[in-house]
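Structural overview for review
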Amino acid sequence: MSDTIFSKIIRREIPAEIVYENDEVLAFRDLNPQAPVHVLFIPKRPLATLNDATASDAELLGHLLLATADYAKREGFAEQGYRTVINCNEDGGQTVFHLHVHLLAGRRLHWPPG
């Protein structure tokens, strides 16, 4: 996997507004927010896309989703609702090839997303 902007954020080589961190996951505010709350959750161990995940990555993927839910609860919008999105490859909207979960909240989200 190539060195991405997310890898540089993990190494603190470029700034980001970090809002959550544990041993496996780092989360920061999206620079182009699509909702009042738009946070990206990334695994510290890089994985390019969801397609690249294997059974041995199940624990890492679990940590990623549990961190997202933990943040939503901690920030007080879990009960009202939020959306998580994982884009995969170019047609799926993925622009940074380091797996990440978008957490969107703070307004009513409609379906289909578009």
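Our subject in this report is the structure included herewith. Note that the structure is predicted; figures quoted are calculated from it, not measured.

So, the overall build of the protein chain
Counting its secondary structure elements, the protein chain contains two helices and five strands. Reading the protein chain from its N end, one meets helices and strands in the order α-β-β-β-α-β-β. Here the C-alpha radius of gyration of the protein chain, 14 Å, is about what a compact globule of 114 residues would show, namely 13 Å. Overall, the C-alpha framework of the protein chain stretches about 35 × 30 × 30 Å when taken along its three principal axes.

Quick notes on unusual backbone geometry
Following Trp111, the chain continues to Pro112 via a peptide bond in cis, the omega torsion being 0 degrees. Secondary-structure assignment places Pro112 in the segment after β5 (101-105). The phi angle at Arg12 is positive, at roughly 65 degrees, despite the residue not being glycine. Looking at where Arg12 falls in the secondary structure, it is placed in the loop between α1 (5-10) and β1 (18-21). Residue Arg12 is classed as partly exposed on the basis of its relative accessible area, which comes to 45%. Located in the positive-phi region is Asn89, a residue other than glycine, with phi close to 65 degrees. Among the structural elements, Asn89 can be located in the loop between β4 (83-85) and β5. Asn89 sits in the partly exposed class, given a relative accessible area of 31%.

Points about the side chain of Asp57
Tracing the chain through its elements places Asp57 in the loop between β3 (37-43) and α2 (58-75). Here the side chain of Asp57 touches Arg45 through a polar contact of 3.0 Å, side chain to side chain.

Focus on the sheet that holds β5
Within the open sheet, the five strands sit side by side as β1-β2-β3-β5-β4. Their pairing is antiparallel. The strands lining the two open edges of the sheet, one partner per strand, are β1 and β4. On average, each strand axis in the sheet is tilted by 20 degrees relative to the strand beside it, whichever way the strands run. Helix-sheet contacts for α2 involve β1, β2 (25-29), β3, β4 and β5, and the interaxial angle to β3 is about 150 degrees.

About the thresholds
Residues numbered from 1 in each chain as written. Predicted model: local features only at pLDDT ≥ 70, side-chain atom pairs only at ≥ 80, totals over all residues. Heavy atoms only, no water. Helix = DSSP H or I, 4+ residues; strand = E, 2+ residues; numbered from the N terminus. Rg over C-alpha atoms; globule rule 2.2 N^0.38 Å. Buried < 20%, exposed > 50% of the residue type's maximum accessible area, 1.4 Å probe, protein only. Polar contact = N/O pair within 3.5 Å; in protein donor to acceptor, adjacent residues only side chain to side chain. Pairing = 2+ DSSP bridges. Axes fitted to C-alpha atoms, helices over the stretch in contact; angles between N-to-C directions. Contact = heavy atoms within 4.5 Å.

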